[in-house]
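# Architecture and fold: a report
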Amino acid sequence: MGKLDGKVAFITGAARGQGRSHAVRLASEGADIIAVDTTAEIRTIPYPLATAEDLAETARLVEATGRRVIARQADVRDSAALTAAADEGAQTFGHLDIVVANAGIYSPAPTFEMSDDAWQDVIDINLTGVWKSLKASVPHIVAGKRGGSVVITSSLAAIYAHENTAHYAASKAGLIQMMKVMAKELAPHDIRVNTVNPTTVATPMILNDATYRLFRPDLENPSRSDFEEAARTFNRLPVTALEPEDVSNLVLFLVSDDGRFITGTTQIIDAGGAL
């Protein structure tokens, strides 16, 4: 018996990184998965984005747990595509119980040097894209009258400021207040809403040259080992970065009955980084 037997989860940003980890972890506990991601090019992002092959691999890993999966390409800026994916999944699986709004991007730059497009892309995907994802999916939980859970991926950057992240920090901070509003609105339907706020997580969004330069501005061409040396100083526990599975364990707790009375909260998982 899994903790999520009979449940269905809609997950954005599911092709790799935290999203893939969440999909596989929830499936391993019995949930069927609606996995959504995009392969669209975003020119302001300084690292390669997910591919169709990445999304197919997530689907394969979910199926390997014995659960069912629907994997669809949908940009979180595209309400119609999100709605189509959520509608298809809810119709195929019969209902929807869990939403994990995880998709996000990152493009570090000094506040007054970043381009208008860089600012707008981050806000459109990290903040507005979460709202569009929830608008497309959560009504299926309400309609099912079974209760449910929503988890939004925010960040430690919403709480603890770092230079060169104004657009990212603003988007992630906005998610916290959105979560609190939604927690009040959805409580009468027995739907819980929370954010997870991780410190640095070892995913492609972080493991790239732009992030290495952000953490090591003292070096012309910093390497991953140079980044790790600096990253250790941000955490009080002796760890460079979280693994995606660490965040998935927290997500599982929140969406399962283990977290049945937790709503409207900001769940920090930061290895002591905010101390």
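Residues numbered from 1 in each chain as written. Predicted model: local features only at pLDDT ≥ 70, side-chain atom pairs only at ≥ 80, totals over all residues. Heavy atoms only, no water.

### A look at the domain arrangement of the chain
On domain assignment, one finds that the chain holds domain 1 (8–201 + 243–264) and domain 2 (207–240). Taking the mean C-alpha position of each, domain 1 and domain 2 sit 26 Å from one another. The interface of domain 1 with domain 2 comprises 10 residues on the first partner and 8 residues on the second. Note on domain 1 versus domain 2: buried area summed over both sides is about 700 Å², and carbon and sulfur give 67% of it. Inspection of the region where domain 1 meets domain 2 yields 0 salt bridges. (Domains from an automatic or database assignment. Contact = heavy atoms within 4.5 Å. Buried area = accessible area lost by both parts, 1.4 Å probe. Salt bridge = Lys/Arg side-chain N within 4 Å of Asp/Glu carboxyl O.)

### Points about the sheet that holds strand E7 (residues 266–269)
Pairing within the open sheet is parallel, and its 7 strands lie in the order E3-E2-E1-E4-E5-E6-E7. Edge strands, defined here as strands with exactly one partner in the open sheet, are strand E3 (69–73) and E7. Strand after strand, the sheet turns through a mean of 15° between neighbouring axes, direction not considered. As paired elements, strand E2 (residues 32–37) and E3 share 5 bridges and run parallel to each other. In the strand pairing of E3, Val 36 is matched with Arg 72. Along the sheet, helix H3 (residues 79–93) makes contact with strand E1 (8–12), E2 and E3, crossing E2 at roughly 165°. (Pairing = 2+ DSSP bridges. Helix = DSSP H or I, 4+ residues; strand = E, 2+ residues; numbered from the N terminus. Axes fitted to C-alpha atoms, helices over the stretch in contact; angles between N-to-C directions.)

### Regarding the packing of helix H4 (residues 116–144) against helix H5 (residues 166–186)
Two numbers describe a pair of packed helices, the interaxial angle and the distance between the axes. Contact pair H4 / H5: the axes reach a minimum separation of 9 Å and the direction vectors enclose 20°. By the criterion of interaxial angle, the relationship of H4 to H5 is roughly parallel. Note on packing geometry: the crossing formed by H4 with H5 is right-handed. When H4 is examined against H5, the residues Ala 118, Trp 119, Val 122, Ile 123, Asn 126, Leu 127, Val 130, Trp 131, Leu 134, Val 138 and Val 142 are found in contact with a partner set consisting of Ala 166, His 167, Tyr 168, Ala 170, Ser 171, Lys 172, Gly 174, Leu 175, Met 178, Met 182 and Leu 186. Residues belonging to the contact of H4 with H5 are distributed by class as follows: 17 nonpolar, 4 polar and 1 charged. (Parallel < 35°, antiparallel > 145°, perpendicular 65-115°, else oblique. Left-handed = near helix turned anticlockwise from the far one by under 90°. Nonpolar A, V, L, I, M, F, W, Y, C, P; charged D, E, K, R; others polar.)

### Structural notes on a nonpolar patch on the surface
Judged by side-chain polarity, Ile 159, Tyr 160 and Ile 268 come together as a nonpolar surface patch covering roughly 260 Å² of accessible area. With respect to the helices, strands and loops of the structure, Ile 268 is situated in strand E7. (Patch = residues over 30% accessible without salt bridge, like charges linked within 9 Å, V, L, I, M, F, W, Y side chains within 5 Å. Areas by Shrake-Rupley, 256 points an atom, 1.4 Å probe, with all protein chains shown as cover.)

### Here we look at helix H7 (residues 224–231)
For H7, the complete set of buried residues consists of Asp 226, Phe 227, Ala 230 and Ala 231. Viewed along the axis of H7, the buried residues span an arc of 135°, placing them on a single side of the element. On its buried side, H7 packs onto helix H6 (209–215). (Buried < 20%, exposed > 50% of the residue type's maximum accessible area, 1.4 Å probe, protein only. Arc of directions from axis to C-beta.)

### Quick look at the side chain of Arg 216
Relative to the helices and strands, Arg 216 resides in the loop between H6 and H7. You can call Arg 216 buried: its relative accessible area is 13%. At 2.7 Å, the side chain of Arg 216 forms a polar contact with the side chain of Asp 218. (Polar contact = N/O pair within 3.5 Å; in protein donor to acceptor, adjacent residues only side chain to side chain.)

### Digging into the packing of aromatic side chains
For the structure shown, the criterion picks out 4 aromatic pairs. Ring geometry for Tyr 106 against Tyr 168: centres 4.9 Å apart, planes inclined by 75°, an arrangement best described as edge-to-face. Taken together, the residues span a long stretch of sequence, with Tyr 106 in the loop between strand E4 (98–101) and H4 and Tyr 168 in helix H5 at a distance of 62 residues. The pair Tyr 106 / Tyr 168 is uniform in exposure class, with both members buried. Here the aromatic residues Tyr 212, Phe 215, Phe 227 and Phe 234 are joined through ring pairs into a cluster of three or more. (Phe/Tyr/Trp six-rings, centres within 6.5 Å; stacked < 30°, edge-to-face > 60°.)

### Re the pairing of strand E6 (residues 191–198)
Burial of E6 is extensive: 8 of the 8 residues sit out of reach of the surface. Where burial is concerned, the two faces of E6 agree: the one with Ile 191, Val 193, Thr 195 and Asn 197 and the one with Arg 192, Asn 194, Val 196 and Pro 198 are both buried. Relative to E6, strand E5 (residues 148–153) is paired through 6 bridges, and the arrangement is parallel. Residue Val 151 lies in a different strand from E6, and its bridge partner there is Asn 194. You can see the chain leave E5, run along H5 and come back into E6, and the turn it takes is right-handed. Of the strand pairs in this sheet, E6 and E7 are connected by 4 bridges, and their pairing is parallel. When the bridges of E7 are listed, Thr 195 appears paired with Thr 266. (Right-handed = clockwise from strand over helix to strand, strands pointing away.)

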